[in-house]
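# Summary of structural features
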Amino acid sequence: EAQVTQNPRYLITVTGKKLTVTCSQNMNHEYMSWYRQDPGLGLRQIYYSMNVEVTDKGDVPEGYKVSRKEKRNFPLILESPSPNQTSLYFCASSLRRQAHEQYFGPGTRLTVT
Amino acid sequence: EDKVVQSPLSLVVHEGDTVTLNCSYEVTNFRSLLWYKQEKKAPTFLFMLTSSGIEKKSGRLSSILDKKELSSILNITATQTGDSAIYLCAPSSNTGKLIFGQGTTLQVKP
């Protein structure tokens, strides 16, 4: 089944403890992206990648890191999480390099205390 | 600065009504505009629009882009309770950046 998977789906952690949210797609998509969704602010793009080893900042990259070493994986790293990073995170991918029809993962609910 | 404004922010209608959702944008190096539907989970893709004036249709939903006016509309005819959701508009740029609007929350009452 063609899909985007994220792990974990739910995470409660403490300030400063490094964490990684994984994202994987099995559709051979070139484009991948991370978003966060907060009430009243909508979906905001954190980072995106148009190809392996190519990543670019979205609107809210501060406090996050990403890497794209393989086409299928695009992990999101929070080196030192803070409470203002408590949010719902979505990974998405699309076939082509530009942000065409994107398929979203199920989301990761992160709480930083 | 890139900007996307959707209106109205929320809307309550009754089944059978027709609704029109609006999206206006200012995006550097605009490439396409996408519409998504979000229920209590991840957004699902509805339409991608790249050319002005060409309507895209899927059942009771249709959408059109006006590049001159930097806007797009999403129409839903004969609404059903299953149409209740947040509708998101997202213009994209040639660089691959995607900017989402705040969304329009549609509630369809029986």
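In this report, the structure presented in the accompanying data block is examined. (Residues numbered from 1 in each chain as written. Chains lettered and ligands numbered in written order. Predicted model: local features only at pLDDT ≥ 70, side-chain atom pairs only at ≥ 80, totals over all residues. Heavy atoms only, no water.)

## Quick word on the sheet that holds strand E7 (residues 65-66) of chain A
Residue and element names in this part refer to chain A. Strand order across the open sheet formed by 4 strands is E1-E3-E8-E7, with antiparallel pairing between neighbours. Each end of this open sheet is capped by a strand with a single partner; those strands are strand E1 (4-7) and E7. With 4 bridges connecting them, E1 and strand E3 (residues 19-25) associate as antiparallel partners. Residue Gln6 lies in a different strand from E3, and its bridge partner there is Cys23. (Pairing = 2+ DSSP bridges. Helix = DSSP H or I, 4+ residues; strand = E, 2+ residues; numbered from the N terminus.)

## Describing the sheet that holds strand E3 (residues 19-26) of chain B
Residues and elements named next belong to chain B. Here 5 strands make up an open sheet; going across it, the order is E1-E3-E8-E7-E6 and the pairing antiparallel. The open sheet has two edge strands, strand E1 (3-7) and strand E6 (56-58), and neither has a second partner. Strand-to-strand, the axes of this sheet are offset by a mean angle of 15°, without reference to chain direction. Judged from the 5 bridges that link them, E1 and E3 form a sheet pairing that is antiparallel. Across the sheet, residue Val5 finds its bridge partner in E3, namely Ser24. (Axes fitted to C-alpha atoms, helices over the stretch in contact; angles between N-to-C directions.)

## Describing the packing of aromatic side chains
In the structure shown here, the tally under the stated rule is 10 aromatic pairs over all chains. With a centroid separation of 6.2 Å and an interplanar angle of 75°, the aromatic rings of Phe104 of chain A and Phe100 of chain B are classed as edge-to-face. Taken as a pair, Phe104 of chain A in strand E10 (residues 103-104) and Phe100 of chain B in the loop between strand E9 (85-93) and strand E10 (104-109) lie in two separate chains rather than in one. Taken together, the aromatic side chains of Tyr35, Phe90 and Phe104 of chain A together with Tyr36, Phe45 and Phe100 of chain B make up a single cluster linked through ring pairs. (Phe/Tyr/Trp six-rings, centres within 6.5 Å; stacked < 30°, edge-to-face > 60°.)

## Focus: the interface of chain B and chain A
Contact with chain B, which involves 21 residues of that partner, is made by 20 residues of chain A. Approximately 1,600 Å² of surface area, both sides summed, lies buried where chain B meets chain A, with 55% of it carried by carbon and sulfur atoms. Among the residues of chain B in contact with chain A, Lys97, Leu98 and Phe100 of chain B are the three that bury the most area, contributing 26% of the side total. For the pair chain B and chain A, the number of links is 1 salt bridge. Taking the shortest distance from any N to any O, the salt bridge between Asp59 of chain A and Lys97 of chain B comes out at 3.0 Å. For the side of chain B that touches chain A, the secondary-structure elements that each account for two or more residues are strand E4 (30-38), strand E5 (44-49) and E9 of chain B. Tallying contributions element by element places E4 of chain B first for the side of chain B that touches chain A, with 5 residues. Among the residues making up the side of chain B that touches chain A, the classes are represented as 10 nonpolar, 8 polar and 3 charged. (Contact = heavy atoms within 4.5 Å. Buried area = accessible area lost by both parts, 1.4 Å probe. Salt bridge = Lys/Arg side-chain N within 4 Å of Asp/Glu carboxyl O. Nonpolar A, V, L, I, M, F, W, Y, C, P; charged D, E, K, R; others polar.)

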